[in-house]
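# Structural description and commentary
Residue-level listing of the chains:
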Amino acid sequence: MKGEYCVGGASFLSFVALLLLIFVHVGQINTSLVPHGIAMAKVNTSGFGQAMQETITDPVEGLYTDNYTSPLGEQNGLRQLYEFGLYSYCAYVNSSAGTCTNHTIADKFEPFVAMTSDMLPNYTSIANSMLVKTTLFNSAYLGYNSRVAYYFILIGTIFATIALFTGVAKRALLFVISTVSSIMAALFILIGAAIWTSIVKKCEGVNTLELTQLNGGVLSGIIVSYGNGIYLAWAAFACLAAATVPYMVSCCTFRG
């Protein structure tokens, strides 16, 4: 019975981890209920227009759009909120109305490119000068690291799937495979989640960026925050790490 409990516990933890990882992968693939609620990172730009106006001391008109159906990346106007997933990002004019980009394997996390591609050219040049010293501006760094993190998460998901399906059969060799797969899955998810955590944390520097000291100081008006996809990835890592123990016990004690 003890062996059965070990296998059952490990299988349950692997199943939960795989389910969490599936949610991570579907984040922001479209604007329906579940994908809309999951993102790796969020960028709120609702205060950026006011900050720009106070910085350049000229009226800022036509920066935003209220048309949520207009395509992204075609200078149709800035959205209030940008949410980024592993395969695409979506932009919203309010809490629910928005549109998404096409799906791309290992889509790059480039929030500044997403923002400026929606702006008119004259506002893009102003935004460049305002944010040039921030990590948010460094699209090459963010894009490269987010792609690396994607592949770690993808490979970790594959290993988690192998661990789940090989761990249910009562065979010594399969217990070995499930143990190794669970360890590898935990390691890869750990690295992927850590990379995403790091790059979003560095982008958060724009939250407190002071554009000018006039009028008592003007902040950027851009708020970068973690999406719940990162927390789901960390939870999946915890489940996989915990699953390695009963998998290992089953591997070492099974006789058959």
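So, here is what we can say about the structure in this document. Everything quoted here is computed from the prediction, not taken from an experiment.

## Let's talk about unusual backbone geometry
Only a minority of non-glycine residues have a phi that is not negative, and only a minority of peptide bonds are not trans. Unusually for a residue other than glycine, Q75 sits at a positive phi of about 60 degrees. Checked against the element boundaries, Q75 lands in the loop between helix 3 (48-56) and strand 2 (81-84). Accessibility expressed as a relative area gives 41% for Q75, which makes it partly exposed. We note that A106 has phi near 55 degrees; this positive angle belongs to a residue other than glycine.

## Topic: helix 3
Among the residues making up helix 3, those that are buried are F48, G49, A51 and M52. All buried residues of helix 3 fall inside an arc of 160 degrees around its axis, so they share one side. Considering only its buried residues, helix 3 is in contact with helix 5 (121-131), strand 5 (210-212) and strand 6 (218-219). Looking at the residues trailing helix 3, positive phi occurs at T57, about 55 degrees.

## A short note on the pairing of strand 2
The alternating pattern of strand 2 places L81 and E83 and Y82 and F84 on opposite faces, both of which are buried. Here strand 1 (residues 41-44) pairs with strand 2 via 4 bridges, running antiparallel. Counterpart to K42 in the pairing with strand 2 is E83. For strand 2 and strand 3 (residues 89-92), the ladder comprises 4 bridges, and the chain directions are antiparallel. For Y82, the partnering residue across the bridge sits in strand 3 and is A91. Between strand 2 and the antiparallel strand that follows it, strand 3, lie 4 residues.

## Re helix 5
For helix 5, the full list of buried residues reads Y123, T124, A127, M130 and L131. When helix 5 is viewed along its axis, its buried side chains cluster within an angular range of 125 degrees and face the same direction. Those residues of helix 5 that are buried are in contact with helix 3, helix 4 (111-116) and strand 5.

## Considerations on the environment of A127
Of note, A127 is situated in helix 5. With 93 residues separating them in the primary sequence, A127 and S220 have C-alpha atoms 10.0 Å apart. A127 has contacts with F48, M52, F112, T116 and M119, leaving out every residue within four places of it along the chain.

## Regarding the nonpolar core
Judged by nonpolar contacts, the single largest core of 55 residues is most densely connected at F48, Y82, W196 and I222. Among the elements that make up this core, the one with the highest residue count is helix 7 (residues 172-203) (9 residues). Leaving out residues up to four positions away in the same chain, F48 has contacts with L63, Y64, L78, M119, A127, M130, L131, S220, G221 and I222.

## Examining the sheet that holds strand 3
Spatially, 4-3-2-1-7 is the arrangement adopted by the 5 strands of the open sheet, whose pairing is antiparallel. Looking at which strands have only one partner, the edges of the open sheet turn out to be strand 4 (98-100) and strand 7 (223-226). Averaged over all adjacent pairs, the angle separating strand axes in this sheet is 15 degrees, with direction ignored.

## A short note on the environment of S146
Tracing the backbone shows S146 in helix 6 (residues 139-166). Residue S146 is classed as buried on the basis of its relative accessible area, which comes to 1%. Between the C-alpha atom of S146 and that of A169, which follows or precedes it by 23 residues, the distance is 36 Å. Beyond its immediate chain neighbours, meaning those up to four positions away, S146 contacts D107, K108, F109, W196 and I199.

Each value, and the rule that gives it
- Residues numbered from 1 in each chain as written.
- Predicted model: local features only at pLDDT ≥ 70, side-chain atom pairs only at ≥ 80, totals over all residues.
- Heavy atoms only, no water.
- Helix = DSSP H or I, 4+ residues; strand = E, 2+ residues; numbered from the N terminus.
- Buried < 20%, exposed > 50% of the residue type's maximum accessible area, 1.4 Å probe, protein only.
- Arc of directions from axis to C-beta.
- Contact = heavy atoms within 4.5 Å.
- Pairing = 2+ DSSP bridges.
- Core = buried A, V, L, I, M, F, W, Y, C linked by side-chain atoms within 4.5 Å.
- Axes fitted to C-alpha atoms, helices over the stretch in contact; angles between N-to-C directions.

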